[in-house]
Every structure is written in structure tokens, then in C-alpha cells.
Amino acid sequence: MKAGAVAREAVISAEEDQRVHRELDLTWRRRPGLLGWLETTNHKDIAIRYIITAFIFFLLAGILAALMRIQLAFPENHFIGPDLYNQFFTVHGTTMMFLFAVPMMEAIGLYFVPLMVGTRNVSFPRLNAFGYYVYLAGGILLYAGLFLNIGPDTGWFSYVPLAGPQFSPGKRVDFWAQMITLTEIAALVGAVEIITTVFKQRAVGMSLNRIPLFVWAMVVQSFMVIFAMPAVMLASSYLAADRLAHVNTHFFNPAEGGDALLYQHIFWFFGHPEVYIIFIPATGFVSTIIPTFARRKIFGYTPLVLALITTAFIGFGLWVHHMFATPVPDLGQSFFTAASMIIAIPSGIQIFCWIATLWGGKPWLKTPLLWVGGFVLIFVLGGLSGIMLASVPIDLQVHDTYFVVAHFHYVLIGGAVFPLFGAFYYWFPKWTGRMLSESLGQLNFWLFFIGFNLTFFPMHTLGLHGMTRRIYTYVPETGWGQMNLLASIGAGVIGLSVLTFITNVLISRKRGALAGDNPWGASTLEWATLSPPPSYNFLYLPTVHGRDALWDQAVISPVITGLSTEKREVLNTTMLEAAPDHRYEMVGDSIYPLLLALAVGLTFTCGIFNAWAFPIGALFALLALIPWFWSGTETKKQQTDKADKPQSALDLPPSFAPSEIT
Amino acid sequence: MSETRSTIDVSELAPSALDHRSPIWIGNALLLAIETTMFAILVATYMYFRGNFHDWPPPQVNYQPINLHPSPDLVWGFLNFIVILGAAFFMLLADRASLRFDKPSVLRWTGCTVAFGLLAIVLRFREFHGTQFRWDDNAYASIVWAILVMHLLHLLVGVCEDSLMLAYISKYGLDDKHARDVRVTAVYWYWIGLIWIPLFAIIYFGPYLLKMR
Ligand code: HEM
Ligand SMILES: [Cu+2]
């Protein structure tokens with residue numbers, strides 16, 4: 001152990017606990033009132049906002065999907081016309097990928113990573129708040145376009161030349177392009193937060209080989225974000241520059257040496273890893289939920305970690321399989337086919353480790369585990385159609401048909417949405433202190449499972465029968481009517497399921513059974529504090545003695561003392577061993593992240609219309625940045641607040657015993 | 001009610017770290033990983049466009065007289081190359097000085113970086129002119145301008161950061177945290193200089209090395 005950190009036996013009285021609690025709470029909680037709400041930099045506040053916002057986007061995109069399914073339910077239907085249909089599938093796909101799936105995964109990471117590694121906040125709290133606000137700006141921008149009936153209409157990947165200035169005049173595509181920039185800034189910010197927090201702020205004793213699997217998943221995902229997101233930001237910026245009056249670059253203009261295929265390369269260099277950016281955190285949920293409900297340690301920790309890392313590497317070498325229908329050299333096609341099949345190996349390893357864990361345990365079939373079961377079944381089906389698509393001759397036949405739509409909904413919903421609902425049921429007690437209802441949970445699951453298969457299974461057949469994607473209607477003679485009707489009914493069932501979930505949340509938030517600190521008897525550190533956690537997370541920062549922090553503590557492990565309770569101070573530990581290294585004072589709450597996000601958001605919004613927005617906007621951004629860095633760790637206002645209220649009104653609630661839930 | 005608990009008292013640990021052990025150092029390194037990825041894709045774009053032209057650079061036919069090999073102006077480019085590396089070098093001196101908490105030297109060398117950075121920004125506009133193209137002439141011009149502009153953005157950010165630091169340190173003095181910030185900004189400047197070496201080579205020598213197909 002490093003000189004300076006001293007192991008002691010100390011007598012800590014209950015009064016002392018109360019005092020520490022009061023001081024910490026005063027230091028860490030946000031100011032009351034609206035301003036305090038806007039200024040907060042607490043990772044839990046920010047993450048919950050992210051989760052709620054992303055869920056609202058999921059609902060909005062779901063409504064668009066429902067409208068599309070109504071239109072497709074019958075041949076030659078006149079419910080929505082072709083132009084609106086184009087906007088709907090574009091905004092649906094874009095929302096699901098950029099405004100729901102990625103932010104939702106990162107949000108859950110931003111909530112639980114600091115808790116699971118046993119610290120008080122993410123490393124750069126203000127940057128984190130900024131990330132949320134730019135994300136929100138991006139989302140509002142996209143929907144502003146849609147509501148003005150000038151929503152983007154060129155598909156979620158906005159291929160050129162269709163999306164270029166010649167074939168898509170007007171501003172529709174520009175809304176899409178600038179929305180990408182804003183949301184990807186947010187994604188990158190989240191990734192930097194998560195990696196730094198895990199590298200520098202882990203609990204003493206949490207060496208690399210003891211990091212919880214969910215945290216590993218978030219770290220791997222964050223690295224993928226760092227190397228993938230710049231690609232899509234460039235692709236969309238090139239596109240916006242090509243389209244913008246008086247800029248008119250020629251990146252994708254073949255007449256001047258530009259190249260449309262280049263767009264596809266850059267887009268899919270991001271686009272394929274994107275799938276894993278969504279899927280890898282979901283595997284983290286699964287690896288967390290399974291040992292808890294199998295009531296044994298995870299089988300194959302090391303292979304699981306290695307599988308994550310391998311997936312991330314191979315994930316960057318597959319992008320050309322989205323381009324088999326373009327003139328890619330034969331050798332290239334074989335290479336990318338092989339790579340696409342190889343990536344099934346690490347996924348297979350994960351699935352076998354999970355099955356082995358369940359096999360060797362005494363599974364406790366609660367709702368979270370049910371969703372995990374649904375995940376395994378559906379994701380495997382999606383993987384099977386994926387292996388079919390990886391072979392070039394099949395892909396050429398079904399490219400751009402409903403077979404592909406079926407495939408990617410199987411992997412995306414199976415691989416991300418099912419584990420996500422499992423995660424909601426699993427962690428809801430930590431967020432709110434109350435359990436979600438089991439019976440409504442079962443209903444929620446079965447409606448979703450049945451509705452999902454009703455909607456998407458027939459699409460495989462429709463695709464094989466030649467129904468192409470992105471068409472707003474079809475003639476009766478095709479014979480596609482019945483299966484489309486089935487799919488639309490299924491979409492209705494999914495809608496019912498989501499309503500069940502919302503009802504469950506609304507009821508349980510107020511009237512659910514009290515959860516206690518650790519209702520599932522789980523092993524990770526987020527369960528070692530109150531539900532919901534106090535502003536400062538842990539009264540004393542914990543230390544860790546094994547992989548399963550709470551299960552491996554035969555003797556109560558020591559706690560950290562000696563950190564300031566009057567400043568926002570945390571402990572930095574070493575990267576590999578997580579030995580105590582130095583103390584780290586965090587910056588306080590601030591309004592400038594919001595103001596900066598406002599400046600950035602307005603810049604890119606105005607940049608849709610005029611290139612001068614960028615230099616002018618940069619000046620405004622600078623105006624927000626200077627005081628951001630200038631105002632030190634604690635603002636004057638916060639200091640006077642503390643002086644005014646020398647004692648926190650709150651008492652430390654007694655840790656309740658886990659309630660009986662059977 | 002009192003209990004005896006084993007504790008680890010960390011009050012004697014240093015209140016911050018000046019090097020790669022500090023979170024901000026890691027955060028900065030990650031930022032640079034993002035930016036490096038971006039430049040890698042810009043370079044890939046440049047190489048990709050090479051395949052679409054018969055001559056490299058494409059002849060400039062928009063002006064009289066027609067220029068068949070309009071390669072960027074090496075003299076100004078080279079001058080700015082030196083200035084940019086100079087700015088990064090002064091940050092190295094500031095970095096060293098902040099380890100010694102030598103406030104006057106930190107101020108002096110950071111000031112030099114700001115001066116050289118500003119000079120580099122001015123020279124960058126001369127470099128734009130030296131490309132002999134406007135960004136909207138063709139795809140080659142677009143990507144060359146894009147690389148120059150993106151690098152210019154980093155020069156601007158570096159200069160702003162350093163100016164802010166100068167102002168803060170001359171007003172409040174050089175404490176632990178700001179010594180660390182100077183060091184992190186120095187890393188940012190090393191990167192600005194280092195990344196410019198390959199980018200400079202590609203923009204200025206690409207027209208000769210990639211001339212033949
Ligand atoms: C919840 C139920 C969902 C339903 C009923 C649904 C339905 C649809 C429909 C009808 C289309 C348009 C097909 C076409 O005309 O080509 C579509 C496209 C798409 N969906 Fe979904 N979807 C759902 C959930 C999701 C989720 C959760 C995601 C991603 C996480 C997602 C991602 C996409 C994407 C990327 C597209 C392609 C858009 C494009 O063609 O540009 N969907 N979906
Ligand atoms: Cu792919």
C-alpha cells in the first residue's frame with residue numbers, strides 16, 4: 001500500500017455516522033429550486049434524465065412505427081402518403097439508433113458505473129451535464145423538423161446521392177446531419193466519463209480482474225464509441241458541407257472527383273460497430289442479472305471479458321458486409337464474409353457461459369430473468385438470419401427486402417430492448433426504493449414476446465417473397481396482405497405491452513413493495529447503499545475483496561476515511577491494482593454546461609441555414625466556456641447556501657432489512 | 001451504539017497528482033484519441049480521392065493560365081510547420097517549469113506558445129491561399145481544405161486554453177491544480193505538433209509522391 005494511506009481500527013459511533021451524513025449531504029446534494037435542478041452535476045440526476053428522455057424518444061419512435069404498421073396493414077391503404085411514410089421510417093430508425101438505444105445504454109452506465117466501482121460521481125461532472133443537454137438539443141432538432149413537415153426522408157443512413165444537394169433539395173437532410181453531430185458529441189462525452197471513472201476512481205482493491213462485468217461492458221463499449229463516432233460525425237459533416245449554400249464542397253460529387261461509395265464506407269465503419277455499441281452494454285445487463293438470479297457466481301468471468309474485447313476488435317472489421325451489393329472486390333467480399341462469421345464465436349462463448357451459470361445455479365425465475373430468457377431466444381434467431389445474410393449470394397437476393405428488416409429488429413430488439421426491460425425490472429428498486437409489480441411484469445413480458453414475434457417473424461417470409469423495405473404500400477395481387485396484417489396486429493400487441501410497463505412504473509413508484517438496500521441479494525456495490533442512493537452515494541467509500549464485492553466479504557471489509565466531507569472529494573486509485581493513490585476534488589454544480597449546450601445547439605441549428613453560424617456560434621461557446629473553467633470548485637452561491645443552512649434537514653435513514661419478496 | 005471498524009485513512013495522501021495519474025490527463029488522452037481517429041479518416045478520404053483523378057493534384061483549370069501541377073506552396077507551408085513545432089516546444093518548457101512550480105517561467109513559456117500559436121493561425125490563412133484552390137473547386141480541394149481547417153480548429157482551441165491559463169495564473173498564482181492543467185495543455189500541444197507532421201507530409205508531399213498512378 002502506498003505511503004500515506006493508513007490502515008486503522010477505528011471506533012465509529014452512530015452519532016459520527018449522522019454527522020458525516022449531514023456534512024456529505026450538504027456538500028453533494030444540489031441546490032433546491034429550478035436553478036439547482038438545471039445546474040446539477042450529480043451523475044444520478046443526469047442519468048435519470050437521460051433514461052427518461054431516451055424512453056420518451058422510444059415512445060415517439062414507437063408511435064411512428066405504429067403509424068407505419070397501420071398504413072401497411074392493408075394493400076393500397078390511404079392512411080399516410082408516400083412523403084410522410086418516408087419521413088416516418090427515417091425518423092423512426094434515426095430515433096431508435098441515435099436518440100434511444102445508444103443514449104439509453106450510456107445512461108444506465110452513467111448511473112451505475114460510479115456506484116458499482118464505489119465512488120461518488122463521474123470524473124468530469126460538468127462535462128457530463130453538458131453531454132445530456134446537447135443530446136437533448138439534438139433530439140429536439142430532429143423532431144422540430146418532423147413537426148414542421150420537413151423531417152429527413154432519406155433513411156436512417158441517408159445515403160448519397162439520394163441525400164446529396166441534387167436529389168434532396170431543401171433542408172430536410174440537414175436536420176438529420178446536424179442532429180448526428182449533436183448526439184454524437186454527447187455519446188463521446190459519455191464514453192470519456194465512463195472510461196476515466198473506471199480507470200481512476202475504482203474502490204480500493206477492485207483490481208482489473210475484479211471489475212464487475214457490467215462495468216467491463218461499459219468500458220469496452222466506450223472505447224468503441226471513441227473510435228466509431230468520429231466516422232459518422234465526419235460523414236454527416238461532409239454531407240452537410242456538400243449541401244450548404246456557399247460552402248458546396250464536393251466530397252460526394254462524382255462530377256468533381258468525389259465519391260458516393262466513400263460515404264457508405266465511412267458510414268458503415270461507424271454503423272457496424274454501432275450495433276455492438278448497443279449490444280455490448282446489453283450483454284453487461286445479462287451478465288449482471290444471470291448470476292443474481294442463478295444465485296451463484298458467474299461461470300467463465302475471464303472468457304466473458306475476453307469475448308467482449310474480441311467482439312469490439314472484430315466489430316471494426318465487418319463494415320463492408322453492408323455493401324455487398326456494391327462493387328466490392330471478390331477477395332474483399334470473402335474477407336468480410338469470413339469476419340462476419342467469426343464474430344459469432346465470441347457471442348457464442350458468452351451465451352454458453354450464461355447457460356452454464358444458470359445450469360449450475362438454482363434459477364429464481366423473476367421478471368428480470370424472464371426478459372433475459374427472451375433475449376437469448378430472440379437474439380439467437382436474429383443471429384441465425386445474420387449468418388445467412390453474411391453469405392454474399394443470399395445477401396444479394398434479399399438485400400433491401402423485409403428479410404433484412406426482420407433480421408435487424410431481431411438483433412436490435414432481441415439484443416438490446418429485451419435485456420433493457422430486464423434491467424429496468426432489476427434496477428428499478430435501486431432507483432426508487434420500490435419494487436415493480438411481478439404480475440404486471442409477467443404480463444408486460446409475455447405481451448412483448450408474443451407481439452414481437454407476431455410482428456417480425458412474418459417479415460422474413462415477406463422478404464423472401466420479394467417485399468422491399470421502405471415502400472409505403474403494395475397492390476393486393478402480391479398476396480402480401482395477410483402477413484402484413486398479422487405484423488400490424490403484432491405491433492398493436494407490443495403497444496399494449498409498453499402501456500403495461502408504463503402503468504407498472506406509475507403504480508409501483510408510489511405503491512410498490514419497499515425494496516430495501518439489496519432486494520435481490522445481488523453482489524455488486526450499487527446494492528451496498530440506500531435505495532435510492534443518497535446524493536453522495538456511500539457514507540464511507542467501500543473497499544473490495546473479491547470479484548463479487550458483496551458476496552466475498554466474509555469479514556466486513558475496511559472503509560475509507562479521511563476524505564473531506566466539506567469539499568466534493570473522492571479517492572483516485574491506481575489503474576491496474578486500484579491501490580489508493582491520491583485525493584481528487586471535483587468541481588461543483590454550474591449553469592455553464594447548459595449555456596454551452598445552448599450555444600452549441602443553436603450553432604448547429606443555424607448552421608443548417610447559413611455557414612456563418614459556425615464562427616459566430618464559436619464565439620458564444622467561448623463566452624460560456626470561460627466562466628465554466630474560471631469558476632472554481634464551488635461557486636459563491638453554494639458557499640453562502642451552506643452557511644445559511646448549517647445542517648441538512650435530512651436524517652440518515654436506517655438501513656432497512658431486505659423486504660420479503662417471494 | 002458504536003462499533004469498531006477497520007478503516008483506511010487516506011487523509012495523508014496528496015490532494016492531487018500532476019501527471020498521468022490524474023483523471024484530467026486520462027480525459028485529455030481520450031479526447032486526443034477521438035481527434036486522431038478523425039484525422040485518420042480525413043487522411044483515408046484524401047487517399048480515396050486519389051483514385052478518382054488522373055493527375056494529382058488535379059490541374060487547376062478555373063484560372064488563367066492553367067496550372068497543370070498546382071501543388072501547395074511549400075515555402076509558407078514549411079514556415080508554418082516550424083512555427084507550429086515551435087509553439088509545441090515552448091509548451092514543453094512550460095511543462096517542465098510547472099513541475100518546479102516556477103511561476104514566472106510558466107508564464108513566459110506559455111506566453112511564447114500563445115504568440116507562436118497566433119502566428120501559426122495567421123500563417124494558416126496564407127497556407128489556404130497557397131493551396132492554389134478554393135475548397136469548392138473539386139474533391140481534392142475539399143479534402144485539403146478540410147484537413148487544414150480541422151487542424152486550424154485545434155490551434156485555436158490550444159491558444160484559447162493557454163490564454164485562459166495565463167490570465168488565471170497571473171491573477172491567482174500557480175497552485176497544484178493549475179500546474180496540472182498546464183501540463184495537460186502541454187500534452188494537447190505536443191499532439192497538435194505531432195499530428196501535424198504526417199498531415200503536413202501528406203498535404204505538401206502527396207502531390208509529388210502520389211503524382212504517378
Ligand atoms: C417496438 C416495435 C417496433 C416496430 C413495430 C418497428 C417497426 C418498423 C417499421 C414498420 C419500419 C419500416 C420498414 C420499412 O418501411 O422499410 C422500421 C424500420 C426500422 N426500425 Fe423499427 N420497429 C420497432 C422497434 C425498433 C427498435 C427498438 C429499433 C432499434 C433499436 C428499430 C430500428 C429500426 C431501423 C434502424 C429501421 C430502418 C429505418 C430505415 O429504413 O431507414 N426499430 N421499424
Ligand atoms: Cu454489420
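See the structure printed just above.
Analysis parameters
What you see as residue numbers is a count from 1 along each chain, following the sequence as written. Each chain takes a letter, starting from A, and each ligand takes a number, starting from 1, following the order in which they are written. The predicted nature of this model means local features are confined to residues of pLDDT at least 70 and side-chain atom pairs, given and counted, to a pLDDT of 80 or more, with totals for whole chains, interfaces and linings taken over all residues. Values shown for side chains rest on all heavy atoms present in the structure; no hydrogens or waters enter the calculation. Secondary structure follows DSSP: runs of H or I at least 4 residues long count as helices, runs of E at least 2 residues long count as strands, and numbering of each begins at the N terminus. The quantity called the radius of gyration is restricted to C-alpha atoms. Its globule counterpart is 2.2 Å times the number of residues to the power 0.38. For each residue, the accessible area found with a 1.4 Å probe, counting protein chains only, is set against the maximum for its type, and the residue is called buried under 20%, exposed over 50%, and partly exposed in between. By the convention used here, residues are in contact when the closest approach between their heavy atoms is within 4.5 Å. All accessibility values rest on the Shrake-Rupley procedure with a 1.4 Å probe; residue burial counts only the protein chains present in the view. Only four residue types enter the tally: Lys and Arg on the positive side, Asp and Glu on the negative side, with His and both chain ends excluded. Charge placement uses NZ in Lys and CZ in Arg. For Asp and Glu, CG and CD serve respectively. Pairing of aromatic rings covers Phe, Tyr and Trp, the last counted by its six-membered ring, and requires centre-to-centre distances within 6.5 Å; plane angles under 30 degrees mean stacked, over 60 mean edge-to-face, and any other angle means tilted. Charge-over-ring contacts are defined here by two conditions on Lys NZ or Arg CZ: a distance within 6 Å of the ring centre and an angle within 35 degrees of the ring normal. Proximity is defined per residue: any heavy atom of the residue falling within 4 Å of a molecule or strand makes that residue near it. What qualifies as a polar contact is a pair of N or O atoms within 3.5 Å, subject to a donor-acceptor requirement within protein and to the restriction that residues adjacent in sequence count only when both atoms come from side chains. Basically, the charged four are Asp, Glu, Lys and Arg, the nonpolar ten are Ala, Val, Leu, Ile, Met, Phe, Trp, Tyr, Cys and Pro, and anything else, Gly included, counts as polar. Distances decide who is a donor: an N, O or S atom must be within 2.8 Å of the metal, or within 3.2 Å for Na, K and Ca. Water is not included, so sites may look incomplete. Two parts placed together each lose some accessible area; with a 1.4 Å probe, that loss summed over both constitutes the buried area. In the sections that follow, a salt bridge refers to a side-chain nitrogen of Lys or Arg positioned within 4 Å of a carboxyl oxygen of Asp or Glu. Every angle between 85 and 135 degrees makes a four-donor site tetrahedral, while opposite donors more than 155 degrees apart, with all other angles between 65 and 115, make a four-donor site square planar and a six-donor site octahedral; other sites are irregular. Pairing between two strands requires that DSSP report at least two bridges joining them.

Colleague: Would you mind showing me how to read the overall build of chain A here?
Modeller: Summing up its helical and strand segments, chain A has 19 helices and four strands in all. Rg of the C-alpha trace for chain A: 25 Å, near the compact-globule value of 26 Å for 662 residues, within the 12% margin. Expressed as lengths along the three principal axes of its C-alpha atoms, the size of chain A is roughly 80 × 60 × 50 Å. Per-residue burial for chain A yields a buried fraction of 62% across its 662 residues. Partitioning the intrachain contacts of chain A with sequence separation of at least 6 by distance along the chain shows that 81% fall at a separation of at least 24. For chain A, the accessible area works out to roughly 24,400 Å², and carbon and sulfur atoms hold 71% of it. Within chain A, the 39 negative side-chain charges are centred at a point lying 7 Å from the centre of the 38 positive side-chain charges.

Colleague: Even after reading the chapter, I still don't get the packing of aromatic side chains, so can you show me in this structure?
Modeller: Geometrically, a pair of aromatic rings is defined through the distance of the ring centres and the angle of the planes. Tallied over the entire structure, the rule returns 98 aromatic pairs over all chains. When the centroid spacing of 5.2 Å and the interplanar angle of 80° are considered together, the rings of Tyr50 of chain A and Tyr132 of chain A count as edge-to-face. In this pair, Tyr50 of chain A sits in helix 3 (residues 43–72) while Tyr132 of chain A sits in helix 5 (residues 125–147), placing the two residues 82 residues apart along the sequence. For Tyr50 of chain A, a relative accessible area of 2% puts it in the buried group. Residue Tyr132 of chain A is classed as buried on the basis of its relative accessible area of 7%. The cationic tip of Arg108 of chain B hangs over the ring face of Trp109 of chain B; the distance from NZ or CZ to the ring centre is 5.3 Å.

Colleague: Help me understand the site of ligand 1, please; the structure alone is not making it clear to me.
Modeller: Residues and elements named next belong to chain A. Taken together, 19 residues lie around ligand 1, and Tyr85, His92, Trp156, His409 and Arg470 are the ones closest in. In this structure, Trp156 approaches ligand 1 through a main-chain N or O atom, which is 2.7 Å from an oxygen atom. Taking His409, its side chain carries an N or O atom lying 2.8 Å from a nitrogen atom of ligand 1. The biggest single contributor to the shell around ligand 1 is helix 14 (residues 402–432), with six residues. Partitioning the shell around ligand 1 into residue classes produces twelve nonpolar, four polar and three charged.

Colleague: Please clarify how the coordination of the copper ion (ligand 2) should be interpreted in this entry.
Modeller: Where a metal carries four tetrahedral donors, each ideal angle is 109.5 degrees; where it carries six octahedral donors, the ideal angles are 90 or 180 degrees. Residues and elements named next belong to chain A. With distances of 1.7 to 2.1 Å, the protein atoms coordinating the copper ion (ligand 2) are His272 (ND1), His321 (NE2) and His322 (NE2). Coordination of the copper ion (ligand 2) draws on donor residues from a single chain, spaced H-x48-H-H in sequence. Highlighted residues: His272 in helix 8 (residues 260–294) and His321 in the loop between helix 9 (301–315) and helix 10 (330–342), separated in sequence by 49 residues. Accessibility classification places His272 together with His321 in one group, the buried group.

Colleague: What am I meant to see in the interface of chain B and chain A here?
Modeller: Much of the literature gives interface size as the accessible area that the parts lose upon coming together. Opposite the 51 residues of chain B that make contact, chain A presents 68 residues. When chain B packs against chain A, the two sides together hide about 5,100 Å² of surface, and 65% of this comes from carbon and sulfur. Looking only at chain B, the three residues that lose the most surface to chain A are Arg5, Ile8 and Leu13 of chain B, adding up to 14% of its buried area. Across the contact surface, chain B and chain A share four salt bridges. As a salt-bridge pair, Asp581 of chain A and Arg21 of chain B come within 3.1 Å of each other at their nearest N and O atoms. Only strand 1 (2–9), helix 1 (23–50), helix 4 (139–172) and helix 5 (176–209) of chain B provide two or more residues apiece to the side of chain B that touches chain A. With 14 residues, the top contributor of residues to the side of chain B that touches chain A is helix 1 of chain B. The class makeup of the residues in the side of chain B that touches chain A is 28 nonpolar, 13 polar and ten charged.

Colleague: Could you clarify how one ought to interpret the side chain of Thr455 of chain A in this entry?
Modeller: Residue and element names in this part refer to chain A. In this structure, Thr455 sits in helix 15 (residues 438–464). Of the residues examined, Thr455 reaches a relative accessible area of 2% and is grouped as buried. A polar contact is formed between the side chain of Thr455 and the backbone oxygen of Gly451, at a distance of 2.6 Å. Not counting residues within four places of it along the chain, the set of residues in contact with Thr455 comprises Ala487, Gly490, Ala491 and Ile494.

Colleague: Would you mind going over the coordination of the iron atom of ligand 1 with me for this structure?
Modeller: Residues and elements named next belong to chain A. Around the iron atom of ligand 1, the protein contributes the donor atoms His92 (NE2) and His409 (NE2), which lie 2.0 to 2.1 Å from the metal centre. Geometry at the iron atom of ligand 1 is octahedral, judged from its six donor atoms and the angles of 88 to 180° they form at the metal. Residue His92 is found in helix 4 (residues 82–116), and its partner His409 is found in helix 14; the two are separated by 317 residues along the sequence. One exposure class covers both His92 and His409, and it is buried.

Colleague: Looking at this model, I keep getting lost on the pairing of strand 3 (residues 569–573) of chain A. Mind explaining?
Modeller: Two faces belong to every sheet, and in a regular strand the side chains alternate between them. Residues and elements named next belong to chain A. With five of five residues buried, strand 3 is to be regarded as a mostly interior element. Of the two faces of strand 3, both are covered, the one formed by Glu569, Leu571 and Thr573 as well as the one formed by Val570 and Asn572. The pairing of strand 3 with strand 4 (residues 580–585) spans five bridges and is classified as antiparallel. The residue bridging Leu571 from the neighbouring strand is Arg583, located in strand 4. Remark: six residues form the turn of the hairpin made by strand 3 and strand 4, two consecutive strands paired antiparallel; Ala578 in that turn has positive phi of roughly 60°.

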